Amino acid sequence: MSTSADQVARLLALVPYLQAHQGIAVADAAKAFQITPAQVMKDLNVLWMCGLPGGLPGDLIEIDMDAAAEQGTIHLTNADYLSRPMRFTLDEVMSLVVALRAVAEVASGPTAEAVHSALAKLEALTTSGESERVAIRVASGDEAVRGVLTGAIDAGRRARLVYDGLTRGHTSTPEVDPARIDLRDGAAYLQAWSLERDAWRTYKLDRIVEATALEQAAEDHGEPPAPLAGWFEGSTSVVLELQPSAAWITEYYPTRRVESAGTDVELLVAELPVADPGWLRALLLRLGGSVRVLEPVGAGQDAANAAREALALNASVFGSL
């Protein structure tokens, strides 16, 4: 669904585009602007009613509507005053700056040079100090490691990693066929085929202590894995009823919805994504009597059992003194 505001913004960009692509097919223009050919024709019908003040034939944009309708090609003239597209708004510039800074955290070599060049141009469009209000921090590991890995990926070569697997408490040296580097939730990950595991594996970039590109060519392991989803993609949810003393968690943790609990304005009902049952157990134990699990049934049982065990242990220790 396109609004009038959307159409005006599109028309201001469409005019210089059509001037630079005289004779372009209606279908190609639609593809470039991600709209339907029918919408392009509607836009053209609006455009040939637009122009400079006065509204006389020589003031209006000229479009060969017969060619557009019968031959499917667009010819637009008498619009030299709109020969350049609109400038970015500050919000648009800042959005691009944020995205490029995130890419810069994991880029290396020619890609990094291109990113920094684009950043310099965009930051020059902002007012003094405006771009410095936004800071990007990505857990992307050592720059030298990233350089080796991106070089190995580009050259199609195998690599040996020195990987600090914190979850297992030891360092390993796997040989892998690296596929790509992904960003997820503020951290960079290497997607690679593990020769030892004979399967795709994900390696957190800031845990790769060292990387060495080997002479062997990387093998073809078929289609690479799908891009990594966010931590909470496909996760389960828990619905909690919160006392005022527990309401702070709605501002501290990601939520899917927060609302008042019926007629009691002091109570909140919050739905939180749960990627790790251990995290939920710890949260419920921390909140104690200020929280009640509404859905799903039994989601709080693990925390209740842990609380009973703690109370029993406490009674056995202190009851014997």
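See the structure shown above.
Treat the numbers as computed from the prediction; the structure is a model and nothing was measured. (Residues numbered from 1 in each chain as written. Predicted model: local features only at pLDDT ≥ 70, side-chain atom pairs only at ≥ 80, totals over all residues. Heavy atoms only, no water.)

### Digging into the overall build of the protein
- Helix and strand content of the protein: ten helices and 14 strands.
- When each of the 321 residues of the protein is scored for burial, the buried share is 32%.
- Considering only contacts in the protein between residues 6 or more positions apart, those separated by 24 or more positions represent 57%. (Helix = DSSP H or I, 4+ residues; strand = E, 2+ residues; numbered from the N terminus. Buried < 20%, exposed > 50% of the residue type's maximum accessible area, 1.4 Å probe, protein only. Contact = heavy atoms within 4.5 Å.)

### Topic: the pattern of salt bridges
- For the structure on display, the rule yields eleven salt bridges.
- Ionic pairing is found between D182 and R180, a salt bridge with its closest N-O pair at 2.9 Å.
- You can call R180 partly exposed: its relative accessible area is 21%. (Salt bridge = Lys/Arg side-chain N within 4 Å of Asp/Glu carboxyl O.)

### Digging into the nonpolar core
- Core analysis: the largest hydrophobic core is formed by 18 residues, its most contacted members being L18, L44, L47, I61, I63, I74 and L76.
- It is helix 1 (residues 4-20) that contributes the most residues to this core, four residues altogether.
- Membership of the second largest hydrophobic core comes to 15 residues, among which are A246, Y253, L284 and L287. (Core = buried A, V, L, I, M, F, W, Y, C linked by side-chain atoms within 4.5 Å.)

### A closer look at unusual backbone geometry
- Along the chain, E295 connects to P296 via a cis peptide bond; the corresponding omega equals -10°.
- The topology assignment puts P296 in the loop between strand 14 (291-295) and helix 10 (301-319).
- Phi at N78 is positive, roughly 60°, even though this residue is not glycine.
- By the secondary structure assignment, N78 is in the loop between strand 4 (76-77) and helix 5 (90-104).

### A word on the packing of helix 1 against helix 2 (residues 26-33)
- Between helix 1 and helix 2, whose axes approach to 12 Å, the crossing angle comes to 130°. One finds that helix 1 runs oblique with respect to helix 2. When the axes of helix 1 and helix 2 are compared, the crossing they make is right-handed. In this structure, helix 1 uses R10, A13, L14, Y17 and L18 to contact helix 2, whose residues at the interface are A29, A32 and F33.
- When grouped by side-chain class, the residues that make up the contact of helix 1 with helix 2 number seven nonpolar, no polar and one charged. (Axes fitted to C-alpha atoms, helices over the stretch in contact; angles between N-to-C directions. Parallel < 35°, antiparallel > 145°, perpendicular 65-115°, else oblique. Left-handed = near helix turned anticlockwise from the far one by under 90°. Nonpolar A, V, L, I, M, F, W, Y, C, P; charged D, E, K, R; others polar.)

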